[in-house]
Amino acid sequence: MKQGLFVSFEGPEGAGKTTIIDMLIEDLKKEGFQAISTREPGGIEIAEQIREVILNKNNTAMDARTEALLYAAARRQHLVEKVKPALEAGNVLLCDRFIDSSLAYQGFARGLGIDEVLSINQFAIEDMMPRVTFYFDLDPKIGLERIHKNDGREVNRLDLEKIEFHQKVREGYLIVADRYPERIVKIDASRPLQQVFDEAKGKLKQILIPTP
């Protein structure tokens, strides 16, 4: 059976990742692809329970290293239970966040060090990396404004951080994107949703249907 395709989506809060993933899944299924979506932290029961601990607005005393380790633990379980089986079954798997989130949020914005956070995540994922990562770049002020306008969106502990934290997250993402240019595709998420979708769709199709 043909091995599936692992694609991750990254970006600051309010960048529109989840909406674009939903649109891509619908489009891929219409074109006959086996396509499923998942998210981190979460995707399976154990990881969703860890997600509740990480993002609970009452857990403001959480230490940065604790946060990083919880993300890695959730990632490991999600990988074993959902990611690997989905790829072995030949699916196109679109994942809302993966290892790059930890590098940007905990590694850079929390000041733990990108290489240090990479190390604990390498132990968790055993070199299982996405084939391609779409990074939706957006000014944090715009992203947070979008969140506050969207009554249906989950507001979590990270959304409550000061703007300086979110600016550091973006800076961290840009550093990571520069470090892995062969994997990470940067997309301007400040544009209208349809334009962002069209670009992501076009780049994804280039991978799924290579030009002869």
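Reading guide: rules and limits
Residues numbered from 1 in each chain as written. Predicted model: local features only at pLDDT ≥ 70, side-chain atom pairs only at ≥ 80, totals over all residues. Heavy atoms only, no water. UniProt positions renumbered as here; feature names shortened; annotations may be inferred. Core = buried A, V, L, I, M, F, W, Y, C linked by side-chain atoms within 4.5 Å. Buried < 20%, exposed > 50% of the residue type's maximum accessible area, 1.4 Å probe, protein only. Helix = DSSP H or I, 4+ residues; strand = E, 2+ residues; numbered from the N terminus. Contact = heavy atoms within 4.5 Å. Pairing = 2+ DSSP bridges. Axes fitted to C-alpha atoms, helices over the stretch in contact; angles between N-to-C directions. Polar contact = N/O pair within 3.5 Å; in protein donor to acceptor, adjacent residues only side chain to side chain.

Going by an unreviewed UniProt entry, the chain carries the name Thymidylate kinase and comes from Mesobacillus maritimus. Under the UniProt heading Function (unreviewed entry), the entry covering the chain gives this text: "Phosphorylation of dTMP to form dTDP in both de novo and salvage pathways of dTTP synthesis." Under Catalytic activity (unreviewed entry), UniProt gives the following word-for-word description of the chain: "dTMP + ATP = dTDP + ADP".

A.B. asks: Help me out: how do you make sense of the nonpolar core in this one?
C.D. replies: The nonpolar side chains of a soluble globular protein tend to be buried with one another. The biggest cluster of nonpolar side chains holds 38 residues, and the ones touching the most others in it are Phe6, Leu103, Tyr105 and Val169. Put simply, the parts of the chain that give this core at least two residues each are α2 (45-55), α3 (64-88), β3 (92-96), α4 (99-109), α5 (114-125) and α7 (163-179). Among the elements that take part in this core, α3 stands out by supplying nine residues, more than any other. Not counting residues up to four positions away in its chain, the partners in contact with Val169 are Ala104, Tyr105 and Ala109. Judged by nonpolar contacts, the second largest core, of 23 residues, contains Leu24, Leu28, Leu138 and Leu204.

A.B. asks: Mind showing me how you'd approach the sheet that holds strand β1 (residues 5-10) here?
C.D. replies: Consider a sheet: its strands pair through backbone hydrogen bonds, and that pairing is either parallel or antiparallel. Strand order in this open sheet of five strands is β2-β3-β1-β4-β5, and the pairing throughout is parallel. Strand pairing shows two members of the sheet lacking a second neighbour, β2 (35-39) and β5 (184-188), which therefore form its edges. Strand-to-strand, the axes of this sheet are offset by a mean angle of 20°, without reference to chain direction. As judged from the five bridges shared by β2 and β3, these two strands associate in the parallel manner. Within the sheet, the bridge partner assigned to Ala35 lies in β3 and is Val92. α7 rests against β1, β4 (132-137) and β5 of the sheet, and its axis sits at about 145° to β4.

A.B. asks: What is the right way to read the side chain of Glu10 from this model?
C.D. replies: Position of Glu10 relative to the elements: it lies in strand β1. Among the polar contacts listed, one links the side chain of Glu10 to the side chain of Ser101, at a separation of 2.4 Å. Residues contacting Glu10, with those up to four places away along its chain left out, are Lys17, Arg97, Phe98, Ile99, Asp100, Ser101, Thr133, Phe134, Tyr135, Phe136 and Tyr173.

A.B. asks: What exactly am I supposed to notice about the UniProt feature "binding site: ATP" (unreviewed entry) in the chain here?
C.D. replies: The positions UniProt marks with the feature "binding site: ATP" (unreviewed entry) are Gly11, Pro12, Glu13, Gly14, Ala15, Gly16, Lys17 and Thr18. Structurally, Pro12 is set in the loop between β1 and α1 (17-30). By relative accessible area, Pro12 is classed as buried at 3%. Setting aside its immediate chain neighbours within four residues, Pro12 contacts Arg97, Tyr105, Tyr135, Phe136, Leu138 and Tyr173. With respect to the helices and strands, Gly16 occurs in the loop between β1 and α1. Residue classification places Gly16 among the partly exposed residues on the basis of a relative accessible area of 24%. Apart from the residues within four sequence positions on either side, Gly16 is in contact with Phe136 and Arg146.

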